[in-house]
Amino acid sequence: MNEINGDHKLVPDRNYTYCPWCSTKLVDRHIDGKTRQHCPECDFIHYKNPVPAAGGFIVEDDRILLVKRKYPPREGYWSFPAGFMEWGESPANCAIREVKEETGLDVEVFSSFKVYSGTDDPRTRAILILYLVKQIGGKMEAGDDASELKFFSLNDLPKNLAFESHIRALNEYKQYLKTGKLPNPNE
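Because the structure is a prediction, the values reported are computed rather than measured. Numbering of residues starts from 1 in every chain and runs along the sequence as written. Per-residue local features are limited, in this predicted model, to residues with pLDDT of at least 70; the limit for side-chain atom pairs, both in listing and counting, is 80 or more; totals at the level of whole chains, interfaces and linings are taken over all residues. Values reported for side chains reflect all heavy atoms of the structure, with hydrogen atoms and water molecules removed beforehand.

Peer 1: Would you take a moment to explain the pattern of salt bridges for this structure?
Peer 2: Proximity of charged atoms lets side chains of opposite charge pair with each other. Between Lys or Arg on one side and Asp or Glu on the other, a salt bridge is scored when a side-chain nitrogen of the former is within 4 Å of a carboxyl oxygen of the latter. A full pass over the atoms with the stated rule returns 9 salt bridges. For Glu86, the salt bridge is made with Arg97, and the minimal N-O distance between the two is 3.6 Å. Here Glu86 is found in the loop between strand E7 (82-84) and helix H1 (91-103), whereas its partner Arg97 is found in helix H1, with 11 residues between them in sequence. You can call Glu86 partly exposed: its relative accessible area is 47%. We call a residue buried when its accessible area falls under 20% of the maximum for its residue type, exposed when it is over 50%, and partly exposed in between, using a 1.4 Å probe and counting protein chains only. For Arg97, a relative accessible area of 17% corresponds to the buried category. Two residues, Glu98 and Arg97, come together in a salt bridge whose shortest N-O distance is 3.0 Å. One exposure class covers both Glu98 and Arg97, and it is buried. In the salt-bridge network here, residues are joined through shared partners; they are Glu86, Glu89, Arg97, Glu98 and Glu101. Where helices and strands are cited, they refer to DSSP runs of H or I of at least four residues and of E of at least two residues respectively, numbered from the N terminus.

What follows is the structure in structure tokens.
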């Protein structure tokens, strides 16, 4: 069970039976140091890659805006306004779009923050790219995947945060505010 909210499920091991390109039955083959699904007919190799996602930190009066999730997974839990990138979209544009869809706010990116590997979303493994953003317009209202919006003091964050990567990001943001620098994993 996950310490975050008790509903942790491992990401399913998604495998194909048949090649998505030519419909030939796939076989396991040792490629690049790992066992991967391979098509002996057209040479397709199934690489299991994480899905990119992006979101934004919106800070106002030393409080951070979080959204309450409207849908599973983790319905009713709090998270950054963030979501999966669409085809042809840059990470920064994804963050801007997701913030707008979930909060109604128009924002611009003024700095990247950090990149996180997310392993506790039951839909997929994700790479979360977070940006520091500033509001430039719009009207704050919950939309799309959010049922509620709220600014939280960093000293009074909700207990039910949706994802481990969001918890890490909030903790690292607190450290950043105290020290002016991000944690160094080599120290």
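Peer 1: Looking at this structure, how should I read the packing of aromatic side chains?
Peer 2: Within a pair of aromatic rings, the relevant descriptors are the distance that separates the centres and the angle that separates the planes. Side-chain rings of Phe, Tyr and Trp, where Trp is taken by its six-membered ring, are said to pair if the distance between their centres is within 6.5 Å; with planes under 30 degrees apart they count as stacked, over 60 as edge-to-face, and otherwise as tilted. If you walk through the whole model with that rule in mind, you get 9 aromatic pairs. Arranged with centres 6.0 Å apart and planes meeting at 35°, the rings of Tyr173 and Tyr176 form a pair that is tilted. Placement of both Tyr173 and Tyr176 in helix H2 (residues 164-179) is noted, with a separation of 3 residues, approximately one turn of the helix. Under the relative-accessibility criterion, Tyr173 is labelled buried at 7%. Residue Tyr176 is classed as partly exposed on the basis of its relative accessible area, which comes to 30%. Among the aromatic residues, those joined into a cluster by ring pairs are Phe57, Phe80, Phe113, Tyr173 and Tyr176. Here the basic side chain of Lys25 rests over the ring of Tyr18, its NZ or CZ set 5.6 Å away from the ring centre. For a ring to carry a charge above it, either NZ of a lysine or CZ of an arginine must fall within 6 Å of the ring centroid while also lying within 35 degrees of the normal to the ring plane.

Peer 1: Please explain the environment of Leu128 as it appears in this structure.
Peer 2: Within the secondary structure layout, Leu128 lies in strand E9 (residues 126-138). Placed 37 residues apart in sequence, Leu128 and Pro91 show a C-alpha to C-alpha distance of 9.3 Å. Setting aside residues no more than four positions away along its own chain, Leu128 makes contact with Ala53, Ala54, Gly55, Ala82, Lys114, Val115, Tyr116, Ser165 and His166. When checking whether two residues touch, look at their non-hydrogen atoms; a contact exists if any pair is within 4.5 Å.

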